[in-house]
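Analysis of the macromolecular model
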Amino acid sequence: MALPTLTAGARAETLKKAAAVRRERGEILTQLKYGKASLETVLAREDAVVGKVRVRRLLESRPGIGKVRAGQLLEELGISESRRVQGLGAKQRQRLLGLFPPVA
């Protein structure tokens, strides 16, 4: 299936929307990194902004978790390296949230 040809205006508008989504995604991951948002609230969002983030990147945004530890956690949880948040099953979400209980 061929992609539709976009006009210059439609292309500019699409690029602007994509940049806004990337900016919002970056802000969410930054909030997660500095403890201003919990993993539970981030996973509770059912929009495309969070849904398209890879679980590995989400884990690496947590304080104290780097690439190696994120890989170990994914392996322990039985989650694929390429899995995105929107593709997580209910049990995978529960196990993931069980690793990072909310701070009261």
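Preceding block: the structure.
Here's what I pulled together on the structure shown here. (Residues numbered from 1 in each chain as written. Predicted model: local features only at pLDDT ≥ 70, side-chain atom pairs only at ≥ 80, totals over all residues. Heavy atoms only, no water.)

**A look at the overall build of the chain**
Secondary structure summary: the chain contains six helices and zero strands in total. Seen along its three principal axes, the alpha-carbon backbone of the chain occupies a region of about 50 × 30 × 25 Å. The burial tally for the chain puts 29% of its 104 residues in the buried class. Relative to all contacts within the chain whose residues are 6 or more apart in sequence, the contacts with residues 24 or more apart total 55%. Placing the 21 positive and 10 negative side-chain charges of the chain at their respective mean positions leaves the two points 4 Å apart. (Helix = DSSP H or I, 4+ residues; strand = E, 2+ residues; numbered from the N terminus. Buried < 20%, exposed > 50% of the residue type's maximum accessible area, 1.4 Å probe, protein only. Contact = heavy atoms within 4.5 Å. Lys, Arg positive; Asp, Glu negative; His and termini not counted. Charge placed at Lys NZ, Arg CZ, Asp CG, Glu CD.)

**What to know about the side chain of Arg93**
Looking at the element boundaries, Arg93 is found in helix α6 (residues 90–99). In this structure, Arg93 is buried with no salt-bridge partner, the nearest side chain bearing the opposite charge being Glu46 at 4.6 Å. Not counting residues within four places of it along the chain, the set of residues in contact with Arg93 comprises Leu43, Val85 and Leu88. (Salt bridge = Lys/Arg side-chain N within 4 Å of Asp/Glu carboxyl O.)

**Topic: helix α5 (residues 67–77)**
Since one α-helical turn is 3.6 residues long, residues separated by three or four positions face the same way. If you check which residues of α5 are buried, you get Ala70, Gly71, Leu73, Leu74 and Leu77. Axial view of α5: buried residues confined to an arc of 160°, hence all on one face. In α5, the exposed residues that point more than 90 degrees away from the buried face are Val68, Glu75 and Glu76. Residues of α5 that are buried make contact with α4 (55–60) and α6. Just past α5, the residue Gly78 takes up positive phi, approximately 75°. (Arc of directions from axis to C-beta.)

**Here's the deal with the pattern of salt bridges**
Tallied over the full model, the rule gives five salt bridges. Where Arg45 meets Glu24, a salt bridge forms, and the shortest distance between an N and an O atom there is 2.9 Å. Separated by 21 residues along the polypeptide, Arg45 in the loop between α2 (39–44) and α3 (48–51) and Glu24 in helix α1 (residues 8–33) bring together distant segments of the chain. Of the residues examined, Glu24 reaches a relative accessible area of 31% and is grouped as partly exposed. A network of salt bridges, in which partner residues are shared, links Glu24, Arg45 and Asp47.

**Digging into the nonpolar core**
Judged by nonpolar contacts, the single largest core of 23 residues is most densely connected at Leu58, Leu59 and Leu96. Put simply, the parts of the chain that give this core at least two residues each are α1, α2, α3, α4 and α5. With four residues, the single largest contributor to this core is α5. Setting aside anything within four residues of it in sequence, one finds Leu96 in contact with Leu39, Leu43, Val55, Leu59, Leu77 and Leu88. (Core = buried A, V, L, I, M, F, W, Y, C linked by side-chain atoms within 4.5 Å.)

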